[in-house]
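A closer look at the structure
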Amino acid sequence: MIEEKLAQLEHKIGYCFRDKHLLRQALTHSSYANEQKINKFDDYERLEFLGDAVLELVSSDCIFRENPDMPEGKMTKYRSSIVCEPALAFCARQIGLEKYMLLGKGEETTGGRGRDSIISDVMEATIGAIYLDSGMEEARAFIQRFVLSDLEHKQLFYDAKTILQEEVQKENKGTLHYELVREEGPEHDKTFLVEAMVGDVKVGTGTGHSKKAAEQQAAYEALVTQNVELH
């Protein structure tokens with residue numbers, strides 16, 4: 001069963017591991033590893049450490065080469081926005097990586113599969129695993145395809161709340177605020193529905209496993225549908 005899931009993930013990412021143990025380790029949370037009393041598995045933490053360094057180098061190289069006039073301070077902020085926890089979790093969910101994670105029963109029941117911190121760690125661990133399995137070029141290809149692609153669109157999503165706030169202030173349209181419409185699901189796996197409001201006018205709707213994520217989605221919808229005019 002697990003082998004089938006690993007094969008599915010390899011097909012999704014377009015990379016076949018020579019050492020399947022590396023992929024399994026990248027997907028294994030410490031809670032799952034600790035539950036294996038007889039046949040204990042390694043968890044992703046060491047691979048995450050390595051993947052974080054590889055990701056920082058590749059993203060820094062990309063930003064440096066593609067933005068020849070960008071000063072150091074702005075490059076640093078740009079890189080931080082690309083590789084921060086919510087951004088990596090967003091990229092991982094586009095692959096569906098969270099579906100393949102191996103979690104212990106306790107972590108599963110408390111909503112670990114929807115937690116940005118875990119999903120982003122597994123993304124970095126996967127990068128580390130590919131690097132160990134085949135080297136820098138394959139790791140770079142994975143990062144280019146799943147992290148550094150369509151950056152303009154992703155940047156708008158990552159910074160949606162800030163950009164929306166600036167646009168509202170620029171147009172002097174009223175006060176931007178977010179209203180929680182409802183929350184659904186069990187305590188450990190809630191889904192929040194939030195509306196972005198400018199004064200009394202709804203400009204966007206978003207859902208997420210946290211209020212913050214739902215607000216980000218609502219702000220993004222307001223921007224891409226141009227319910228708040230962009231200049």
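Everything in this summary refers to the structure shown in the same document. Note that the structure is a prediction, hence the values are computed from the model and not measured.

Reading the values: rules and limits
Residues numbered from 1 in each chain as written. Predicted model: local features only at pLDDT ≥ 70, side-chain atom pairs only at ≥ 80, totals over all residues. Heavy atoms only, no water. Core = buried A, V, L, I, M, F, W, Y, C linked by side-chain atoms within 4.5 Å. Buried < 20%, exposed > 50% of the residue type's maximum accessible area, 1.4 Å probe, protein only. Helix = DSSP H or I, 4+ residues; strand = E, 2+ residues; numbered from the N terminus. Contact = heavy atoms within 4.5 Å. Axes fitted to C-alpha atoms, helices over the stretch in contact; angles between N-to-C directions. Parallel < 35°, antiparallel > 145°, perpendicular 65-115°, else oblique. Left-handed = near helix turned anticlockwise from the far one by under 90°. Nonpolar A, V, L, I, M, F, W, Y, C, P; charged D, E, K, R; others polar. Phe/Tyr/Trp six-rings, centres within 6.5 Å; stacked < 30°, edge-to-face > 60°. Lys NZ or Arg CZ within 6 Å of the ring centre and 35° of its normal. Pairing = 2+ DSSP bridges. Expected span 1.5 Å × (residues − 1).

**Remarks on the nonpolar core**
Among the nonpolar cores identified, the biggest contains 60 residues, and Ile-13 and Met-123 are the most heavily contacted of them. At eight residues, the largest contribution of residues to this core is made by helix 8 (residues 116-134). Ignoring sequence-local partners within four residues, the contact set of Met-123 consists of Leu-88, Cys-91, Ala-92, Ile-95, Leu-97, Phe-142, Phe-146 and Val-147.

**Quick word on the packing of helix 6 (residues 85-95) against helix 10 (residues 151-158)**
At a minimum axis separation of 11 Å, helix 6 and helix 10 run at an interaxial angle of 125°. Relative to helix 10, the element helix 6 lies oblique. Seen from above, helix 6 lies across helix 10 with right-handed handedness. Counted together, Ala-87, Phe-90, Cys-91 and Gln-94 of helix 6 and His-153, Lys-154, Phe-157 and Tyr-158 of helix 10 form the full contact between these two elements. Considered class by class, the residues forming the contact of helix 6 with helix 10 number five nonpolar, two polar and one charged.

**A word on the packing of aromatic side chains**
Per the counting criterion, the structure on display carries two aromatic pairs. When the centroid spacing of 4.9 Å and the interplanar angle of 85° are considered together, the rings of Tyr-15 and Phe-17 count as edge-to-face. Of the two residues, Tyr-15 and Phe-17, neither departs from the other in class, the shared state being buried. With 5.0 Å between their ring centres and 50° between their planes, Phe-142 and Phe-146 make a pair best called tilted. Of this pair, Phe-142 and Phe-146 are both found in helix 9 (residues 136-146), four residues apart, which corresponds to roughly one turn of the helix. In this structure, Phe-142 and Phe-146 share a single accessibility class: buried. Directly above the aromatic system of Tyr-178 lies the positively charged group of Lys-161, at a separation of 5.2 Å from the ring centroid.

**Points about the pairing of strand 3 (residues 201-208)**
Where strand 2 (residues 191-198) lies against strand 3, seven bridges are found, and the strand directions are antiparallel. The partner of Phe-192 across the bridge, within strand 3, is Gly-208. Hairpin connection between strand 2 and strand 3: a loop of two residues separates the two successive antiparallel strands, and Gly-199 in this loop has a positive phi of roughly 65°.

**Thoughts on helix 12 (residues 211-224)**
In this model helix 12 runs 20 Å from its N-terminal to its C-terminal C-alpha over 14 residues, within 8% of the 20 Å that 1.5 Å per residue would give. In this structure, the buried residues of helix 12 make contact with helix 10, helix 11 (160-171), strand 1 (176-184), strand 2 and strand 3. Note on helix 12: the residue one or two positions beyond its end, Gln-226, has a positive phi of about 55°.

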